[in-house]
Amino acid sequence: FENQRLTILEAGCGVGNCLFPLLEEDPRLFVYACDFSPRAVEFVKKNPSYNTNTCKAFQCDLTKDNLTENVPTESVDVATLIFVLSAIHPDKMHLAISNIYKVLKPGGCVLFRDYGLHDHAMIRFKPGSKLGENFYVRQDGTRSYFFKTGEYSV
């Protein structure tokens, strides 16, 4: 990739804690950054390092909104989902994955990191927090799913 400008989709970008270090490391990147929270996206856009020549931030519900409205079809080399799928209801995860697939180039890759079954975070949930198998709700109303090994291998 030495002479190539990579395009990245950071799904669940939050306030840009991964996005801006990536752009600092390689200013040739172009990053599409989306998050469910419009407030988080505003933080990204207000960051002094935000530059529309290297980044496009937008609000998106991966289970409902069509990514191709903001990201060209088959244009992304690498998509990152860092603690994103666990926040989505298990019945809707396939919608988010299908949505991301539309914007990936043939041979593109997805970097996925999330909670695993029996993580310390799972064990700390109090009784009454369980919504379904391996699916819990936090006190602030956000949700967390805990994956089994190989559950989403492709």
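Please read these numbers as outputs of a predicted model, since none were measured by experiment. (Residues numbered from 1 in each chain as written. Predicted model: local features only at pLDDT ≥ 70, side-chain atom pairs only at ≥ 80, totals over all residues. Heavy atoms only, no water.)

*Asks:* Residue-level account of the UniProt feature "domain: Methyltransferase type" (unreviewed entry) in the protein, with values.
*Replies:* UniProt tags residues 9–109 as "domain: Methyltransferase type" (unreviewed entry). The span residues 9–109 is 27% helical and 27% strand by assignment, and the distance between its end C-alpha atoms comes to 10 Å. (UniProt positions renumbered as here; feature names shortened; annotations may be inferred. Helix = DSSP H or I, 4+ residues; strand = E, 2+ residues; numbered from the N terminus.)

*Asks:* Outline the domain arrangement of the protein, supporting the account with residue identities and numerical values.
*Replies:* Split into domains, the protein comes out as domain 1 (7–114) and domain 2 (116–153). Put simply, the middle of domain 1 and the middle of domain 2, counted by C-alpha atoms, are 23 Å apart. Both faces combined, the contact of domain 1 with domain 2 buries some 740 Å², and carbon together with sulfur accounts for 72% of it. Per-residue buried area on domain 1 facing domain 2 is highest for S86, P90 and M93; these three make up 47% of the total on that side. Applying the counting rule to domain 1 against domain 2 returns zero salt bridges. For the pair domain 1 and domain 2, the number of links is zero residue pairs in polar contact (both at pLDDT 80 or more). The leading source of residues in the side of domain 1 that touches domain 2 is helix α3 (residues 93–103), at three residues. When its residues are assigned to classes, the side of domain 1 that touches domain 2 shows seven nonpolar, three polar and one charged. (Domains from an automatic or database assignment. Buried area = accessible area lost by both parts, 1.4 Å probe. Salt bridge = Lys/Arg side-chain N within 4 Å of Asp/Glu carboxyl O. Polar contact = N/O pair within 3.5 Å; in protein donor to acceptor, adjacent residues only side chain to side chain. Nonpolar A, V, L, I, M, F, W, Y, C, P; charged D, E, K, R; others polar.)

*Asks:* Hey, could you go over the sheet that holds strand β7 (residues 135–137) for me, with residue numbers and the actual values?
*Replies:* The strand order β6-β7-β8 describes an open sheet built from three strands, whose pairing is antiparallel. In the strand order of this sheet, the two ends are held by β6 (130–132) and β8 (143–145), each with one partner. Mean inter-strand twist for the sheet, computed between neighbouring axes without regard to direction, equals 30°. Bridge count for β7 against β8 is three bridges, and the pairing is antiparallel. Considered in β8, the bridge of Y136 is made with S144. (Pairing = 2+ DSSP bridges. Axes fitted to C-alpha atoms, helices over the stretch in contact; angles between N-to-C directions.)

*Asks:* Explain the sheet that holds strand β5 (residues 104–113) residue by residue, including any values.
*Replies:* By way of backbone hydrogen bonds, the strands of a sheet pair with one another, either parallel or antiparallel. The strand order β3-β2-β1-β4-β5 describes an open sheet built from five strands, whose pairing is parallel. The open sheet terminates on both sides in strands that have one partner only, identified here as β3 (55–59) and β5. This sheet shows a mean twist of 15° between the axes of neighbouring strands, independent of strand direction. For strand β4 (residues 76–82) and β5, the ladder comprises six bridges, and the chain directions are parallel. The partner of V78 across the bridge, within β5, is C109. Helix-sheet contacts for helix α2 (residues 38–46) involve β2 (30–35) and β3, and the interaxial angle to β3 is about 160°. The sheet contacts of α3 involve β1 (7–11), β4 and β5, and relative to β5 the element is tilted by about 140°. (Contact = heavy atoms within 4.5 Å.)

*Asks:* Lay out the confidence of the model for the protein with the relevant residues and their values.
*Replies:* Residues at a pLDDT of 70 or more form 94% of the protein, whose mean pLDDT is 88. Ranking the elements of the protein by mean pLDDT puts helix α4 (residues 120–123) last with 72 and β3 first with 98. (pLDDT = per-residue confidence, 0-100.)

*Asks:* I'd love a proper account of the nonpolar core, names of residues and values included.
*Replies:* Counting 24 residues, the largest nonpolar core has L9, C34, L62, L67 and I100 as its most contacted members. Within the residue set of this core, elements represented by two or more residues are β1, β2, β4 and α3. With four residues, α3 is the largest single contributor of residues to this core. Inspection of this core shows a minimum of three residues originating in each of domain 1 (7–114) and domain 2 (116–153). Those residues in contact with L67 that sit more than four places away from it in its chain are L9, C34, F58, C60, L62, N99, I100 and V103. Membership of the second largest hydrophobic core comes to 15 residues, among which are L23, Y50, C55 and A57. (Core = buried A, V, L, I, M, F, W, Y, C linked by side-chain atoms within 4.5 Å. Buried < 20%, exposed > 50% of the residue type's maximum accessible area, 1.4 Å probe, protein only.)

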